[in-house]
Structures are given as C-alpha cells and as structure tokens.
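# Geometric and topological summary
Chain by chain, the residues run as shown.
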Amino acid sequence: MFKYLITIKPLGLMYGSAGAFLSPENLVGRSGAKFPPEAATLSGLIFSINKTTEKFPQNELNANLFVAGPFWAKLESKQNFYIPIPWNKIIAKKAVDEWQLKDSKWELENKSEKLEPDYRWQTIDSWVTSAKAIRIDKYKSVAEIPWKYVSFLHPKIKHSERCVEDSDGLFLENSVQMSEDTCLVYLSTYPIENGWYRFGGENHLVEIESEEIKNKKFLNLMNQPIKRSFALVTPGIWGSNRFSHRHPQHESFPETIEMLTDKPVAYRYRAKGNLGRGRYAVPSGSVYVLAEPLNKTWWEWDEAWFPKEGYSLKRLGCGLCLPIDIKGVA
C-alpha cells in the first residue's frame, strides 16, 4: 500500500516540453506540451537519490517501490489532494449532471440540456460525493487546473561564443507556471528526504517534501474492494508492447461491458536513461463497468494484468483506480 505523500513545489518555472524548432509552419502554439511529469519521473529520481545515499538496498527498491500520480494539492491541505473527476459526473459552472445506466444504455439524469464540464479535478475527500451535492457545497471541492502554459522563444547558444546559432537558433519553449499556493502530489511506498532536487526532463529546481499518508478517507477508499464499477485516477496502459487496448486483456480480468472515456492520450517515459516504448493510454477519469464483481482493491490486482517494460507498469501506478457508485449498476 502507498505510505507516503510526495509533494513537489517548483522553484520558478517548469517545462512541459520543448516545442518544435521555429519555422513558418510553427510560429504559435505548444507543440507536444505535456505536464505534469509522469510518475516514472519520480521513480527515476528515487532510484537516482538512493544510488548516492544507499539508504535502501537496491534490490529492495527494485522489488517494492511503487509510485503513482500526478495529482496536485493546495499547500494548506496537502492530504486532501486533488484527483481527476470521474466521467460519470459532469460539473459545470452553471449546473451539474450525472450519467446513469438504464436498460443497459447511458442516460443523463437531466435530459433537458447536455452540459460540457468546466471542472476536471476534485478533492479526494469528495470522491463519493454526488454531482448534486458538489453543487450544493458551492463547488468548494472542485477546481480548475492550477498551472498555465507560457510559450516563449528560447535561443540555442553556440558552444564557442555567446551568440545564437545561425540555423535553427530559436525554438519555442513551453514553460509551465503553477499557482504559488499549490504543489504537485505523487504517492509512493518509499519517502524522499526533504530538500531541493532537479526534477523533470529539463532538470529544473524543485522543493520536495515527504509525509506519511494520514487521510483516512483516502486510505479507506484504497482498501475498499472494487465491485462492478470504478474510475481511473491515473492513465491506464493496457495490452502488450505492440498493441494498446482500452482495458486489461488477461483472461482472468472480468469483461468490460460499458465505458465512459475520452480519446486516448500519448504515454511515453524514460527508464534508466532510455526512452520507453510509446503507447496510447486510457485517460484519467475514465469509467469502467464490469460484467461481474472484481472484489479486489487495485493494490491486489495481478501484475500480469499490466504491460511490462522489463517490469510491470503497475509499479508506476498504471491505471490506479477507485470504486464508484453508478445508478443502474447493482
């Protein structure tokens, strides 16, 4: 079980990705921008730190390190961090709605108007709260993303002199600025010593703190067996090294009969200095309805249900999910 909350506060700007080189075809926009960093980035940092400190035996970390994320929190309430809202809840500023299954078909409770969600994040404490109750609490338990992208031209300097290179000397840099009262949050089975570290592909300076998970509501949710319905809080990568699927393909995993999801997202990371295999992931917030009860917590899921990249992707929090209640699902 996850034991530690790892919070990461950028000391300045962070970078989602480097945009394409400046060209007539790409004068604006964010080419390939991606933020926050995946849980694999934190895993790599923990292994890197441990090589220096030797606080834990390397074989112990190899066998027992699990991480998950990314999430985020307000600095004043880190334990009540924000996670993606399940797709069965539609939280808009003017109204709310909720999907239900009726006669094996998805229907909205409020059929008069189809809403587009304005909020995609909710506190972990409000996970079991209905969409109507979220509106009654005046949307205090939901939030918009706390970061914004700022694209600017970045120069490539010559090695021999402080001048911009003649060809392809400028490219778009996609910086990310987080609100000062927020931080990124990851879950881990091992702590990191509090301090300043280089984090992410651009090695920008961040402040990292570890604390034990004390939120009883979250711990109870993680220990609650999943029945027939659940929602992802991290991207789900299923299938083999060659094929990406929308749900686990193992014969022992129950049949998925209904889903609420969005288009797949690109998923790729670096492992031990090498770029991992590119995949498509089911996005966070996706809702699954199974043909029969699973009766297992995510922590008890068989590692054979997850793809392998030399090790099971379960160790990177792949498809971390929590149980949900959907009207019409027994």
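Given the structure is predicted, the values throughout are model-derived calculations rather than measurements. (Residues numbered from 1 in each chain as written. Predicted model: local features only at pLDDT ≥ 70, side-chain atom pairs only at ≥ 80, totals over all residues. Heavy atoms only, no water.)

## Notes on the side chain of R315
Relative to the helices and strands, R315 resides in the loop between β23 (287-290) and β24 (321-323). Among all residues touching R315, those that are not within four sequence positions of it are N62, A63, N64, L65, F66, V67 and E303. (Helix = DSSP H or I, 4+ residues; strand = E, 2+ residues; numbered from the N terminus. Contact = heavy atoms within 4.5 Å.)

## What to know about the confidence of the model for the protein
Here the protein shows a mean pLDDT of 88. Residues at 70 or above account for 85%. Counting contacts from residues 18-32, a segment whose pLDDT is below 50, to residues more than four positions away or on other chains yields 36 contacts. (pLDDT = per-residue confidence, 0-100.)

## What to know about the pattern of salt bridges
Tallied over the full model, the rule gives four salt bridges. The partner of E144 in a salt bridge is K93, and the shortest N-O contact between them spans 3.2 Å. Of this pair, E144 sits in the loop between β9 (142-143) and β10 (147-155) while K93 sits in the loop between β5 (89-91) and β6 (96-102), placing them 51 residues apart in sequence. Residue classification places E144 among the partly exposed positions, given a relative accessible area of 43%. Across the salt bridge formed by K327 and E109, the nearest N and O atoms sit 2.5 Å from each other. Here K327, found in the segment after β24, pairs with E109, found in the loop between β7 (105-108) and β8 (121-123); they are 218 residues apart in sequence, far enough to count as distant. (Salt bridge = Lys/Arg side-chain N within 4 Å of Asp/Glu carboxyl O. Buried < 20%, exposed > 50% of the residue type's maximum accessible area, 1.4 Å probe, protein only.)

## Focus on helix α1 (residues 39-53)
Given a rise of 1.5 Å per residue, 15 residues ought to cover 21 Å, and the 21 Å separating the end C-alpha atoms of α1 matches this to within 8%. Taken together, the buried positions of α1 are A39, A40, L42, S43, L45, I46, F47, I49 and N50. Its buried side turned inward, α1 meets β1 (4-10), α2 (58-64), β3 (67-74), β12 (182-188), β13 (195-199) and β14 (204-212). With its phi angle positive at about 50°, E54 sits one or two positions after the end of α1. (Expected span 1.5 Å × (residues − 1).)

## Concerning the pairing of β6
Both faces of the sheet carry side chains from a regular strand, because those side chains alternate between them. Judged by how many residues are buried, β6 sits mostly within the fold: six of seven residues are covered. The turn joining β5 and β6, which pair antiparallel and follow one another in sequence, is formed by four residues. Note that β6 and β7 share four bridges and pair antiparallel. Note on β7: the bridge partner recorded for L101 is W106. The antiparallel pairing of β6 with β7 creates a hairpin that spans two residues between the two strands, and D103 there sits at a positive phi of about 55°. (Pairing = 2+ DSSP bridges.)

## So, the nonpolar core
Generally speaking, a soluble globular protein has its nonpolar side chains buried in company with each other. F2, F81, L187, I192, F230, W301 and L320 are the most contacted members of the largest nonpolar core, which totals 87 residues. If you tally residues by element for this core, the top one is α1, at seven residues. In this structure, I91, Y119, A131 and Y139 belong to the second largest nonpolar core, which totals eight residues. (Core = buried A, V, L, I, M, F, W, Y, C linked by side-chain atoms within 4.5 Å.)

## Focus on the pairing of β3
Counting buried residues in β3 gives seven out of eight residues, a clear majority hidden from the surface. Note: β3 against β12, six bridges, orientation antiparallel. Paired with A68 across the strands is L187, a residue of β12.

## Some points on unusual backbone geometry
Going from G69 to P70, the amide bond is cis rather than trans, its omega being 5°. Mapped onto the elements, P70 comes out in strand β3. A positive phi angle, close to 55°, is found at D103, a residue other than glycine. With respect to the helices and strands, the residue D103 is situated in the loop between β6 and β7.

## Structural notes on the sheet that holds β6
Read from one edge of the open sheet, three strands run β5-β6-β7, paired in antiparallel fashion. Two strands in the sheet have a free side with no partner beyond their single neighbour: β5 and β7. Each adjacent strand pair in this sheet contributes to an overall mean axis angle of 20°, direction not counted. (Axes fitted to C-alpha atoms, helices over the stretch in contact; angles between N-to-C directions.)

## So, the sheet that holds β24
Overall, antiparallel pairing links the four strands, which are arranged β18-β23-β15-β24 in an open sheet. With one partner strand each, in any of the chains shown, β18 (256-260) and β24 form the two edges of the open sheet. Direction aside, neighbouring strands of the sheet carry axes that sit 25° apart on average. Bridging between strand β15 (residues 229-232) and β24 involves three bridges; their strand directions are antiparallel. Paired with F230 across the strands is P323, a residue of β24.

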